[in-house]
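Below, each chain spelled out in residue letters.
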Amino acid sequence: MSGIAKTPAWQALSALAEHSRTVHLRQLFGADPRRFEDFSLEHDGLLLDFSKQRVSADIMAALFRLWASAEVPGWITRMRAGEPINESEGRAVLHIALRDKQPRAEVKAVLEKMRRFCSDIHGGQWRGGTNEPIRDVVNIGIGGSDLGPKMATQALAAHHQPNPRVHFVSNLDAAHLATTLARLDPRVTLFIVASKTFTTQETMTNARSARDWIVAALGESAVARHFVAVSTNLPEVAKFGIDPENAFEFWDWVGGRFSLWSAIGLPLALAIGYANFEQFLAGGHAMDEHFFNAPPAQNLPAISALLGIWNTNFLGAETLAVLPYSQSLEQFPRYLQQLEMESNGKQVGRDGMPAGVSTSPVVWGEPGTNGQHAFYQLIHQGGRLIPCDFIALKQADFALPGHHAALLANCFAQSEALMRGKTLDEACRELDATGMSADAAARLAPFKVFPGNQPSSTLLLSRLDPYTLGQLIALYEHKTFVQGIVWGLNSFDQWGVELGKQLAVRLLPMLDGRQKAAGVDSSTQGLIAACQVAQKAS
Ligand code: F6P
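Structure report, in brief.

Scoring rules and cut-offs
- Residues numbered from 1 in each chain as written.
- Predicted model: local features only at pLDDT ≥ 70, side-chain atom pairs only at ≥ 80, totals over all residues.
- Heavy atoms only, no water.
- Helix = DSSP H or I, 4+ residues; strand = E, 2+ residues; numbered from the N terminus.
- Rg over C-alpha atoms; globule rule 2.2 N^0.38 Å.
- Buried < 20%, exposed > 50% of the residue type's maximum accessible area, 1.4 Å probe, protein only.
- Contact = heavy atoms within 4.5 Å.
- Areas by Shrake-Rupley, 256 points an atom, 1.4 Å probe, with all protein chains shown as cover.
- Lys, Arg positive; Asp, Glu negative; His and termini not counted.
- Charge placed at Lys NZ, Arg CZ, Asp CG, Glu CD.
- Pairing = 2+ DSSP bridges.
- Right-handed = clockwise from strand over helix to strand, strands pointing away.
- Axes fitted to C-alpha atoms, helices over the stretch in contact; angles between N-to-C directions.
- Near = heavy atom within 4 Å.
- Polar contact = N/O pair within 3.5 Å; in protein donor to acceptor, adjacent residues only side chain to side chain.
- Nonpolar A, V, L, I, M, F, W, Y, C, P; charged D, E, K, R; others polar.

Let us look at the overall build of the protein chain. Along its length, the protein chain carries 22 helices and 11 strands. Expected size for 538 residues packed as a compact globule is a radius of gyration near 24 Å; at 26 Å, the protein chain falls within 12% of this value. Each of the three principal axes of the protein chain carries a C-alpha extent, and together these read 80 × 60 × 60 Å. When each of the 538 residues of the protein chain is scored for burial, the buried share is 51%. Here the contacts in the protein chain between residues at least 6 apart in sequence split such that 74% fall between residues at least 24 apart. Surface accessibility of the protein chain: about 23,300 Å² in total, with carbon and sulfur atoms responsible for 55%. For the protein chain, the centre of its 47 positive side-chain charges and the centre of its 52 negative side-chain charges are spaced 2 Å apart.

What follows is the structure, encoded as structure tokens:
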């Protein structure tokens, strides 16, 4: 049994979970007319309603004891002090320093460089090889060098500058780059090659093809005016042929999936303007201050993390559905997949021993209302426990008459339906009221039963703007941090992505015919052979 599972708080939660299995959310609401007041929290324009989670005051109290048993406050202090809490990589974890009100000198210098660059692009002073201003920017990156800026750029569409248009290319599949370039004019296109390591296969392959595209159209001399880079590895940037003047640095104490606040946010700053980017940083910083200072019972990231632990470790949930009722937040679940699953999708604890408890759930989701017409059927009647995070905006970011109230009505109706469900009795009475015969109603009613008792939280943002998006992202970052601490994990390494990369390097020469397929299993050999036959035939 792992250390945390032996603590009195964990044991108390296990006992409470036994009892909780016999209690329906309907009963909890029936017994407490003030349940919303008791199980919701408002801070700086954000409202978290967790009254539809399967918790009681006793369960929350035990969860707060778990926070103390895991020594979360001590870990926060160690992170803030810059201790190398990413032990397996020997690194500090200081993305919070990127959004400090008084940033350290090196951060300040890069922010100033970003500000000047944005001003040059927006003002038309930055010219391409044919002396034309830039109209399109393509960010080439993957993982943390793509998901964060892409999600945030889409989320803040209502705040975009008139130009440039910002595009994102990540996939090694040439279809991604080729279809993007097909719509662009090299004379007015600038590429940001974004890679922490500057060695990532996908990014370097796409960057080389983009370079070929520029050189074919404008000549070698145009490269300096059409490429900038964001990286911690400036020697590799120089080797690629990008002028060091056009390189934006960040540092190894910024994890890839936490790097949106660094110069990895350059495409976002170009899309929304530098002043808005500063507001984004301010929102993140405000959430840091809240997380560091509020007691756990008043602390949005702490409560979100502890509810996730309750659902995962005590109720047995294996997934978390993230359901933004905001088309602008379409990419948010994908972004969270990396944040939560790359951080906490691990079974080896900090001490190298088995974690001994369940860790990150599978995070997935789609914006409502689209998801309602795809997978909600299973959440309602599929018989699985699927906790849901609903996210909605009090005010629409794009206002057309008749849309927003209907959107919110759907959001709140879903969480209500998931909580209440519908009994057989209710289904029968409803059918009776339509005038249906008793026989027909009895046959149909079982299909109309909803078990309910499906836990959910609803996070309401006052609106979606750079500041509130900063708050939202930092909230989930700290939630992920707290969960990693309680589960005994190092949330800041990602060894699990290495094996596939290693094997791909080994297989490439077998696929492109440089080497005979040997030393691989029969399945891999068969797949390689099938592709080689197809390639020869084409
Ligand atoms: O997926 C593994 C990973 O190392 C991520 O952690 C990172 O965000 C991504 O690859 C991209 O890495 P880089 O920014 O170094 O190209």
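Anyway, onward from the coordinates.
Another point: the environment of E330. Along the chain, E330 turns up in the loop between β8 (319–325) and α15 (332–344). E330 gets classed as partly exposed once you look at its relative accessible area, which sits at 29%. When the C-alpha atoms of E330 and G129 are compared, they prove to be 36 Å apart, with 201 residues separating the residues in sequence. Discounting chain neighbours no more than four positions away, the residues touching E330 are Q154 and P367.

Counting buried positions over the seven residues of β8 gives six, a clear majority of the element. In this sheet, strand β9 (residues 362–364) lies alongside β8 in parallel orientation, the contact comprising three bridges. Bridge assignment links A321 to a residue of β9, and that residue is W364. Read as a crossover between parallel neighbours, the route from β8 over α15 to β9 is right-handed. Sheet topology places β8 next to strand β10 (residues 388–393); five bridges connect them, and they run parallel. Bridge assignment links V322 to a residue of β10, and that residue is D389.

Now for the sheet that holds strand β6 (residues 227–231). Spatially, β4-β3-β5-β6-β7 is the arrangement adopted by the five strands of the open sheet, whose pairing is parallel. This sheet does not close on itself; its edge strands, each paired only once, are β4 (165–169) and β7 (247–249). Along the sheet, successive strands turn relative to each other by an average axial angle of 20°, direction set aside. Summarising the sheet, strand β3 (residues 136–140) and β4 pair through five bridges and their orientation is parallel. Each residue of the ladder has a partner; that of V138, found in β4, is H167. Lying on the sheet, helix α6 (residues 105–123) is in contact with β5 (189–194), β6 and β7; it crosses β7 at an angle near 145°.

A separate point is the pairing of β4. Within a regular beta strand, the side chains point alternately toward one face of the sheet and then the other, so they alternate between its two faces. The element β4 is largely enclosed, with a buried count of four among its five residues. Since β3 and β4 lie parallel, the crossover through helix α7 (residues 147–155) that links them has a hand, and here it is right-handed.

Let's shift gears to the site of the ligand. Inspection of the region around the ligand gives 13 residues, with S145, S195, T197, T200 and E342 positioned closest. Q338 places a side-chain nitrogen or oxygen 3.2 Å from an oxygen atom of the ligand. Expressed as a share of its isolated accessible area of 400 Å², the protein-covered part of the ligand is 87%. Grouping the constituent residues of the shell around the ligand by class yields two nonpolar, nine polar and two charged.

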